Structures are given as C-alpha cells and as structure tokens.
Protein chains: 2
Amino acid sequence: MERMDENTAKRKRIKLVVAYDGTDYCGWQVQPSGITIEEMLNRELSDLLGEEIRVIGASRTDSGVHSLGNVAVFDTATRIPAEKICYALNQRLPEDIVVQSSCEVPSDFHPRRCYSEKTYEYRILNRRLPMPTLRRYTYFYYRPLQVEKMQQALDYLVGEHDFKSFCSVKTAVEDTVRTILSGKVERTLEDVVIIRITGTGFLYNMVRIIAGTLISVGIGELEPEDMIQILEKRKRSEAGPTAPPQGLTMMGIFYP
Amino acid sequence: MERMDENTAKRKRIKLVVAYDGTDYCGWQVQPSGITIEEMLNRELSDLLGEEIRVIGASRTDSGVHSLGNVAVFDTATRIPAEKICYALNQRLPEDIVVQSSCEVPSDFHPRRCYSEKTYEYRILNRRLPMPTLRRYTYFYYRPLQVEKMQQALDYLVGEHDFKSFCSVKTAVEDTVRTILSGKVERTLEDVVIIRITGTGFLYNMVRIIAGTLISVGIGELEPEDMIQILEKRKRSEAGPTAPPQGLTMMGIFYP
C-alpha cells in the first residue's frame, strides 16, 4: 500500500460567510494602496492556523461597499473543527469584520465558479436633509424619487441580457451577458429607497451603475422604456452615473 | 415716545431639531473631557451669526448616545430667516451632526421646562454573532431574549411612578416621579429587539437602566412581576445594569 502524504491527506476546504462594514477598507481584494478585507482574513487566518492561508472570495466588493454575507474559501490542514474556526477568527478580527459561519465544503467548491445566486441592496436616503445615523450605509439624494418608475425600469433589466452598458469601462471582461433573477424597488418608512437585485453573476460596478441609472429614471431624466435602448447600445456612456459605494451592501450568496 | 433698544427689539428665539451620530462625542453637554454636540452647535452658531450663542438643549444625552431629533433653542439678533439657519449651519457642521429644521418660537419657549413627550429607542442586536453594519447603533447581546416577557415587564412601568430605582446614583435630583406614556418591545426581521419608550420626562440614565432591567427579564433572571418590587424599593441596586450607550437613540420630542 502506498504511503499517503499526511499533509495532503488531511487538507480540507473551509467556507466562510463574512460580514463587514466596508467604510474603512479599500475593498475586498488585496492591493498596494491600503488595507483590504481579503488581506485581513489572510493575515489573521495564517496567524491562527500557523499556515500560509490565501482565501478565494466570491464577490470582490469595491472600496466602501459593505457585506452581510460574502463568501470565501481556503484550504487548511488544521485540526480545529471547521465550525469553530469562525469563533477563533473573530477573536482576532477588528469589530468591522465578523465571520458569520465556517464549515467544511467539497474540495472542488469554488465560490466564483460554482453556480450561485447573489443578492445586493443599494440604499438611497431620499429626503430633504441627511440623517447622520444612516450616512455610512446609504447614499443621500435629496431630489424626490418616483419609486414606481424606478421599478418599471428595473423590470426591463430582469432576465438574461448583455449588460455591457452597465459595466465599468475599467474592466476587460469579454462576455458581458449576465442574468438578473429578480429586482425590487421600495421606499421604507424612513425614506430609504432600497433597490434589491438578485442575479447569477454581476459585472464590475454593475449594481452601482444600475442604481445610478434608476436614480436618473426616478427624477424623470430617463423614462423606464429607455432601458431597452441602453441595453441595446452596449455602451457604458448610455447608462446613468455610477452611484457611490456606501449605498451598496452585498446581502448574501445562495449556492443551491 | 421712548427709544427702543434696537438689539433687544430684534432678538428672536430659534428652535433647532438636531440629529447626530453620538459615537464620536462626549454627549450633549459641554464638558472639559472632550468635544460635545452642544459645544459644536455653540461654536458654529456663534461663528455663523457673529454673536456669542449658547444653546439650551432638551435632552442632555450621554456620551455615545444618538439622536434623530433632539431640540435646542437659542436667542439671536440675526436677520437670516429662521427657516434658513439650518441650511447655513449644516454647511459648517461635520457630517455626524445635521440640523433637521430651524424655526422661530415664542421667547418664553424653554425645551426642558415646557410640557413635552419624548420618545427613546433602545436597540439590542440579539443573535449568535455581531453584525458589523449594526455595531454603532445597537448593543450586541447573544443570549436569546424573550420579547413577550420584556413587554410584560415594561407594561408595569407605564404610568406615573417613582423611578428612583431606575435613576443613576450619580445624580442629585430630588423628585424622581416621572410618567411613561407608552412602552413597546418588538423584534425586527434582522433580530434587533427594539424597546420604544415615550414619556413626559426621564431621569439620568433611566432608559438605559430600564433596558438593562428588561434584558434581565428577557433571559429569565427577573420575572415581569418583579418590576412592582423594584419600583417600590426606590433603590438603584434593585434594578438591572445600565445598558451601554450605543444602543440608545433619542427619536424625537413632541411639544403639543
């Protein structure tokens, strides 16, 4: 019988569900300009487990964007039970990053390559004056928004479409066809207009560009029907502006 | 005809409704240990109006406590229309203090001496793990709370009572009889337990001590009926602990 490499034999893949307040981070992905969520996880996991850990994230959120349930995986030979890792890790992480759960997954589970349904919320505080306790998690916009028109516009985007017009020109991705499964716009009692979008994949800045375009619809600069043309033209300049990051929260990812 | 003093003739009393994120302030009232909301208002109003301004606040909230609608008044000889003052003032204030409105009130209007109904909310995030985006505005408490029992306990406190047991011993106030008009405890979909209390007056730390006592009820350390005894004993040590400040928000003040 062949002698198995002990380290290889014991390695397992762990999935983390990660919540964070993105205000003080330069986004998810490691980069030279400042501290990121990925970097914090890599550093504290490596320290905790005594191995060099590199997590793979599902949604590489931008600087200032929040999350209630982003997903990351990593491989480890640790003997700490998978479910306990989140508690040990949270002891080391700052209070603006909290791992909500940890569990073992099959070694071929990849958070970006496996089919998933991601939900994002974009929140706009739509009233006469800003509210300090909402400033970190909403975009303040004082011109009155017509929520029904925004919903009608969003309805045109649901389904499989080429979202090239809703993709930052900074990216070089070739296939810009994506599927939005559902989209809902509503106003809360506190005058927060929430745009909730679930889809199987998103392009760079896609939700923020959709939010910016829906705001243009909400103030009457665009009509809901204009979405048809904007999609067809496949040109970033056809859509509205990119709404600012603090309004965006990655709500969670569902892997069926 | 007697010559009127021009300055006196023109002076008017202005009422401000002030919202703030209390996280980075040492409470409302001016004090040597750090920057306060009152101090910020005095400084920026004096600068804006070119007079020495001293505001009088309705609720002297503690360090770390938030407000959506605290009230302050001041007297001024300015010619800026009363309704415009809030916009000019907000230009100068930091983003964690936003004056929601400004208007002229009778010169005998005093925010603490006039009859008023104040509403406070105490928010407890009651789940297994903290959520970073809620940490500034909730108190994280992981032991499961029985909301129905908390409501029953709060019901005993509604009405006119001597709240000496629910008053910080740090204060020297003599009359500790206050009236709670209504009290409601509910759990949101996000597992935030909200304790909402409206009353005509509150003692020092009263809402936070009520919240701490209701938490003791919620975990079964106290029974709802124990509120009767606690009120009767008129002793701070009979009630539960003072819940931490970040969970408390002064919601607004109604002057009929």
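Residues numbered from 1 in each chain as written. Chains lettered and ligands numbered in written order. Predicted model: local features only at pLDDT ≥ 70, side-chain atom pairs only at ≥ 80, totals over all residues. Heavy atoms only, no water.

Caption draft 1: Just the pairing of strand β9 (residues 192-199) of chain A, in detail. Residue and element names in this part refer to chain A. Among the eight residues of β9, seven are classified as buried, and the element is accordingly described as predominantly covered. Relative to β9, strand β5 (residues 117-125) runs antiparallel, the two sharing eight bridges. Each residue of the ladder has a partner; that of Arg123, found in β9, is Ile194. Hairpin connection from strand β8 (residues 177-187) to β9: four residues lie between these consecutive antiparallel strands, with Asp191 at a positive phi of about 65°. (Buried < 20%, exposed > 50% of the residue type's maximum accessible area, 1.4 Å probe, protein only. Helix = DSSP H or I, 4+ residues; strand = E, 2+ residues; numbered from the N terminus. Pairing = 2+ DSSP bridges.)

Caption draft 2: Quick peek at the interface of chain A and chain B. Each side of the interface is counted separately: chain A has 24 residues, and chain B has 23 residues. Interface area for chain A against chain B, summed over the two sides, is near 2,100 Å², with a carbon-plus-sulfur share of 57%. The three residues of chain A that bury the most area against chain B are Gln100, Thr133 and Arg135 of chain A, which together make up 27% of that side's buried surface. Linking chain A to chain B there are four salt bridges. Residue Arg135 of chain A pairs with Glu95 of chain B through a salt bridge whose shortest N-O separation is 3.4 Å. (Contact = heavy atoms within 4.5 Å. Buried area = accessible area lost by both parts, 1.4 Å probe. Salt bridge = Lys/Arg side-chain N within 4 Å of Asp/Glu carboxyl O.)

Caption draft 3: Here's a closer look at the layout of surface pockets. As a volume, the largest pocket reaches approximately 1,500 Å³. Lining the largest pocket are 37 residues, with Leu134 and Glu190 of chain A together with Arg123, Leu134 and Glu190 of chain B sitting closest to its centre. Sorting the residues of the lining of the largest pocket by element identifies β5, β9 and β10 (248-254) of chain A together with β5 (117-125), β8 (177-187), β9 (192-199) and β10 (248-254) of chain B as the ones contributing at least two each. (1 Å grid on protein atoms, 1.4 Å probe; cavity = no way out; pocket = protein on both sides within 12 Å on 5 of 7 lines; lining within 4 Å. Points joined across faces, edges and corners; volume = space filled by probe spheres on them.)

Caption draft 4: Structural detail: unusual backbone geometry. Residue and element names in this part refer to chain A. The phi dihedral of Asn205 falls on the positive side, at around 70°, and the residue is not glycine. The phi dihedral of Arg234 is positive, around 50°, even though this residue is not glycine. Along the chain, the position of Arg234 falls in the loop between α6 (226-233) and β10.

Caption draft 5: Structural detail: the relation of the copies chain A and chain B. After a rotation of 180° and a shift along the axis of 0.0 Å, chain A superposes on chain B with an RMSD of 0.0 Å. Taken together, the rotation and translation relating the two chain copies correspond to the operation of a two-fold axis. Of all interface residues in chain A, 96% are interface residues in chain B too; the two copies therefore contact each other through one and the same surface. (Least-squares fit on C-alpha atoms with pLDDT ≥ 70 in both.)

Caption draft 6: A look at the pairing of β10 of chain B. Residue and element names in this part refer to chain B. The buried count for β10 comes to five of seven residues, which makes it a mostly enclosed element. Here two bridges tie strand β3 (residues 66-76) to β10, and the two strands are oriented parallel to one another. Within β10, the position partnered with His66 by the bridge is Thr249. Judged from the six bridges that link them, β5 and β10 form a sheet pairing that is antiparallel. Looking at β10, one finds that Tyr120 is bridged to Met250.

Caption draft 7: Region of the structure containing the environment of Asp155 of chain A. Tracing the chain through its elements places Asp155 of chain A in helix α4 (residues 147-157). The spatial distance from the C-alpha of Asp155 of chain A to the C-alpha of Ser182 of chain A is 8.2 Å, given a sequence separation of 27 residues.

Caption draft 8: A look at the environment of Leu145 of chain B. All names here are of chain B. Considering the arrangement of structural elements, one finds Leu145 in the loop between β6 (139-140) and α4 (147-157). On the accessibility criterion, Leu145 (6% relative accessible area) is buried. Along the backbone, Leu145 and Gly220 are 75 residues apart, and their C-alpha atoms lie at a distance of 8.6 Å. Leaving out residues up to four positions away in the same chain, Leu145 has contacts with Ile124, Asn126, Met150, Arg187, Val193, Ile215, Gly218 and Ile219.

Caption draft 9: A look at the nonpolar core. Ile124, Leu157, Phe166, Ile195 and Ile210 of chain B are the most contacted members of the largest nonpolar core, which has 47 residues in total. Breaking this core down by element, the ones donating at least two residues are β3, β5, α4, β8, β9, α5 (206-218), α6 (226-233) and β10 of chain B. Broken down by element, the residue count for this core peaks at eight residues, all from α5 of chain B. Excluding residues within four positions of it along the chain, Ile124 of chain B makes contact with Tyr139, Tyr141, Leu145, Met150, Asp191, Val192, Val193, Ile195 and Ile215 of chain B. Phe163, Cys167, Ile197 and Ile253 of chain A belong to the second-largest nonpolar core, a separate cluster that totals 46 residues. (Core = buried A, V, L, I, M, F, W, Y, C linked by side-chain atoms within 4.5 Å.)

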